[in-house]
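# A structural walkthrough
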Protein chains: 2
Amino acid sequence: MAGIEDVARAAGVSTATVSRALRGLPNVSDATRRRVLAEATRLGYVPTPSASSLATGRTRTIGLLTPWVSRWFFANVIEGAERALRDVGYDVLLHTFVVRRDEPRRRVDPDVLRHRVDGTLVVGLPLDDDEVRSLVGLDRPLAFVGSGPDDQVTVRLDDVATGYAATRHLLDLGHRVVGHVTGVPDLVSSWSPPAERSLGYVRALAEAGVDVDRELEANGDFDVEGGRASTAELLRRRPDVTAVFAASDEMAMGALLAARDLGLRVPEDLSVVGVDGHDLGEVAGLTTVAQDAYQQGADAALLLLEMVNGAPVPQRLTYPTELVRRRSTGPPRAS
Amino acid sequence: MAGIEDVARAAGVSTATVSRALRGLPNVSDATRRRVLAEATRLGYVPTPSASSLATGRTRTIGLLTPWVSRWFFANVIEGAERALRDVGYDVLLHTFVVRRDEPRRRVDPDVLRHRVDGTLVVGLPLDDDEVRSLVGLDRPLAFVGSGPDDQVTVRLDDVATGYAATRHLLDLGHRVVGHVTGVPDLVSSWSPPAERSLGYVRALAEAGVDVDRELEANGDFDVEGGRASTAELLRRRPDVTAVFAASDEMAMGALLAARDLGLRVPEDLSVVGVDGHDLGEVAGLTTVAQDAYQQGADAALLLLEMVNGAPVPQRLTYPTELVRRRSTGPPRAS
């Protein structure tokens, strides 16, 4: 890891100036401060615990708020973030919030984080405006992964494009009655991935001149059993459905189970496409729009550390996705 | 949640005595202290943060050390532990340690935990004796999940019985040439699950009068791609293998991929059984010896909190497993 001397050399200043610049003390010109921050960031320099704690009251700990640990996206983001932070000597304080359709979620309590963290990473947790304000009120850097309000630093997919790509793939194969298994309708935030992926689905259908029917959408709760139950319900309601776009691979694998339960062949009777690039998607033969969740976690963590160091960061990092075609999608039975 | 008054009432003492007993202060008889601890444990009473921090210097934080977040067993144990701790107002400080075959693992540094945690939970991380001693030296409660040294509090499976059950299932179907995909040979601890599951495999074979051949074992690194590569290697070496026992479901799903790569039908040409009860095992049709990882995490966390409260706890909680038969196992082609 780079030391303070490396930063000083690279920025062409003394180590004392590096220290003053990084601690936000006066008597350092803006230009010098920017140069020091840029070099510290480039070199991956983070002040040593004892020195920085003493000098700045830093905790060298990042709070990570998330609804789940065990689901694919969340597990990979957390692992990516924790490893990136660990590499520079930072700890992760993990807080989960159970999100269920039938009960109110515990609210974020900023007092639990106050004086305990240098920054907070919110992973796929739909916060309401008051909760976001309370975290902003901590006056510590804040970043979001997976979804986030427009005015906060966020690392995420273009979820509208993701939903569009999945649906477009089914339309290109010739499907015209395409079901959509989505997540819990998010009542508190308009920026959630299920809402945006649904929007992409609707756009692709509209562009292809296919009628959009709310009867074709079902709530799969973002897990395997939810995807299975909602696909079964969808097919009962609309037996003419020949393809399903599920907003996550776990729900898509539930859709595969529903097809099997109903004696439907995949893809001859039902095509299924998901979103994620789950590491077990290949075993299931699942077509998916793949994302790199681990890297999103790692990059968001580094972004947050740059903010902790006072460096300017981009407001939004948008991640690419890639359509991975496997045997769960094919032309509809009629064509 | 129970309050101090509830504990006082249940134990038949004053709240001041409860407080003194739980803080380990003098002037409380051993019998009273034991009664108070038992009732506090039974009622799930945990002192409130402010009061307890002030009185006892507690951090209300548990350190959790683990090699991975994203793998099934680890993700579920962590989620179970975090939720159980969260319910009583405890935080989790997460530390991962990259474990790879080709590079030395970062060692546990007790100084990172000192003064920051009330106790430490080690999840599936094979520590050497010095590392265990250094954690014991923190003088804070310590518990293990998944595997642990004999003289430490551990929540785990009977891994010998687990390996035996999986192998016995294959033998009962008529298989006589059974491959075994196991994990990284653990050089530092004899108490690791792969070693014990292998022992169960060997025992079942020996009991059935089948020769044990080291050529039938391969290292699958406990992930999907490792399971795939090692199964392919195993089948190249020994084309007469008709069944594989993989020591985790993720490796077993890799074995299914290897069979597909090689044009082998499952189970007609190759039977595969795993260990875990992964939530995507049903999609893959995988036979497995299932365990409840989430509950092991939750129970280990509660056990650790009881230790933090000074209550006596059992040295070992052994979890049951259950054979779940699916379409990946059947009689060998010859019979």
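All residue numbers refer to position in the chain's written sequence, counted from 1. The naming scheme follows written order: chains are lettered A onward, ligands numbered 1 onward. It should be noted that, the model being predicted, local features are given only for residues of pLDDT at least 70 and side-chain atom pairs only at 80 or more, the latter also being counted only at that level, while totals for whole chains, interfaces and linings use all residues. Note: side-chain values were computed over all heavy atoms of the structure, leaving out hydrogens and water.

### Considerations on the pairing of strand E9 (residues 271-276) of chain B
All names here are of chain B. Under the scheme applied here, a residue whose accessible area is under 20% of the maximum for its type counts as buried, over 50% as exposed, and between as partly exposed, the area being computed with a 1.4 Å probe on protein chains only. By definition, any uninterrupted DSSP run of H or I lasting at least four residues is a helix, any uninterrupted run of E lasting at least two residues is a strand, and each is numbered from the N terminus. Where burial is concerned, most of E9 is hidden: six out of the six residues are buried. Burial along E9 is two-sided: Ser271, Val273 and Val275 facing one way and Val272, Gly274 and Asp276 facing the other are all buried. When DSSP finds two or more bridges between a pair of strands, those strands are recorded as paired. Two elements, strand E8 (residues 243-246) and E9, share three bridges in a ladder whose sense is parallel. Considered in E9, the bridge of Phe245 is made with Val273. With the strands pointing away from the viewer, any crossover whose connection runs clockwise from the first strand over the helix to the second is right-handed. In the classification by handedness, the crossover that spans E8, the intervening helix H11 (residues 249-261) and the parallel E9 is right-handed. With four bridges connecting them, E9 and strand E10 (residues 287-290) associate as parallel partners. Paired with Asp276 across the bridge in E10 is Ala290.

### A look at the packing of helix H10 (residues 224-237) of chain B against H11 of chain B
All names here are of chain B. Axis geometry follows a simple rule: fit a line to the C-alpha atoms, using only the stretch in contact for helices, then measure angles between N-to-C directions, giving values from 0 to 180 degrees. Remark: H10 packs on H11, axes separated minimally by 6 Å, with the N-to-C direction vectors making an angle of 50°. It follows from the interaxial angle that H10 and H11 lie oblique. For the element pair H10 and H11, the recorded crossing hand is right-handed. Between H10 and H11, the contacting residues are Val224, Gly227, Arg228, Thr231 and Ala232 on the first element and Glu250, Met251, Gly254, Ala255, Leu257, Ala258 and Asp261 on the second. For the contact of H10 with H11, the class distribution of residues is six nonpolar, three polar and three charged. Orientation categories follow fixed angle ranges, with anything under 35 degrees roughly parallel, anything over 145 roughly antiparallel, 65 to 115 roughly perpendicular, and all other angles oblique. By convention the crossing between two helices is left-handed if the near helix lies anticlockwise of the far one by an angle smaller than a right angle, and right-handed if it lies clockwise. Any two residues whose heavy atoms approach within 4.5 Å are treated as being in contact. Lys, Arg, Asp and Glu make up the charged group, whereas Ala, Val, Leu, Ile, Met, Phe, Trp, Tyr, Cys and Pro make up the nonpolar group; the residues left over, Gly among them, are polar.

### Concerning the pattern of salt bridges
If the charged atoms of two oppositely charged side chains come close together, the side chains can form a pair. Residues and elements named next belong to chain A. Counted as salt bridges are all cases of a side-chain nitrogen of Lys or Arg within 4 Å of a carboxyl oxygen of Asp or Glu. Tallying each qualifying case throughout the model produces 50 salt bridges over all chains. Salt-bridge contacts for Arg228 lead to Glu225; the nearest nitrogen and oxygen are separated by 3.2 Å. Note that Arg228 and Glu225 are positioned in helix H10 (residues 224-237) at a spacing of three residues, about one turn of the helix. Overall, the relative accessible area of 15% leaves Arg228 in the buried class.

### Some details on the side chain of Thr329 of chain A
Residues and elements named next belong to chain A. Within the secondary structure, Thr329 sits in the segment after strand E12 (322-324). Polar contacts, as used here, are pairs of N or O atoms within 3.5 Å; protein pairs need one atom able to donate a hydrogen and one able to accept it. Residues neighboring in sequence count only if both atoms are side-chain atoms. Engagement of the side chain of Thr329 in a polar contact is seen with the side chain of His169, the distance being 2.9 Å. Dropping the residues within four chain positions of it, Thr329 is found in contact with His169, Leu170, Leu173, Pro267, Ser271, Val272, Val273 and Thr287.

### Digging into the interface of chain B and chain A
On the side of chain A, 38 residues touch chain B, which itself brings 38 residues to the contact. Computed with a 1.4 Å rolling probe, the buried area is the accessible surface lost when two parts are put together, summed over both parts. Buried surface at the junction of chain B and chain A, summed over both partners, amounts to about 3,200 Å²; 52% is from carbon and sulfur atoms. Inspection of the chain B/chain A interface yields four salt bridges. Here Glu282 of chain A and Arg228 of chain B are joined by a salt bridge, their closest N and O atoms 2.6 Å apart. The interface formed by chain B and chain A includes 28 residue pairs in polar contact (both at pLDDT 80 or more). When residues of the side of chain B that touches chain A are traced back to their parent elements, those giving at least two are helix H5 (72-87), strand E2 (91-96), H10, H11 and helix H12 (281-284) of chain B. Broken down by class, the residue content of the side of chain B that touches chain A amounts to 18 nonpolar, seven polar and 13 charged. Direction of pairing for strand E2 (residues 91-96) of chain A relative to E2 of chain B: antiparallel, over a ladder of three bridges. Counted as the bridge partner of Leu93 of chain A is Leu93 of chain B from E2 of chain B.

### Quick notes on helix H2 (residues 15-22) of chain B
Helical geometry: 3.6 residues make up each α-helical turn, so side chains three or four residues apart lie on a common side. Residue and element names in this part refer to chain B. Residues Val18, Ser19, Ala21 and Leu22 constitute the buried set of H2. Down the axis of H2, the smallest arc covering the buried residues is 165°, so these residues share one side. Close packing links the buried residues of H2 with helix H1 (4-11) and helix H3 (30-43). The arc in question is the one traced by the directions running from the helix axis out to the C-beta atoms.

### Describing the sheet that holds strand E3 (residues 119-123) of chain B
Strand order in the open sheet made by the 12 strands is E11(A)-E5(A)-E4(A)-E3(A)-E1(A)-E2(A)-E2(B)-E1(B)-E3(B)-E4(B)-E5(B)-E11(B), with mixed pairing throughout. In this open sheet, the two strands that pair with only one neighbour each are strand E11 (316-319) of chain A together with strand E11 (316-319) of chain B. Shown here is a sheet whose adjacent strand axes are inclined to one another by a mean of 20°, direction ignored. Note that strand E5 (residues 153-157) of chain A and E11 of chain A share four bridges and pair parallel. Within the sheet, the bridge partner assigned to Leu157 of chain A lies in E11 of chain A and is Tyr319 of chain A. Along the sheet, helix H5 (residues 72-87) of chain A makes contact with strand E1 (61-66), E2, strand E3 (119-123) and strand E4 (142-145) of chain A together with E2 of chain B, crossing E2 of chain B at roughly 70°. Its contacts with the sheet place H5 of chain B against E2 of chain A together with strand E1 (61-66), E2, E3 and strand E4 (142-145) of chain B, and it is angled at close to 70° to E2 of chain A.

### Topic: the domain arrangement of chain A
The domains assigned to chain A are domain 1 (4-48), domain 2 (61-156 + 293-319) and domain 3 (159-291). Each of domain 1 of chain A and domain 3 of chain A has a C-alpha centre, and the two are 50 Å apart. Where each domain begins and ends follows an automated or database-derived domain assignment.

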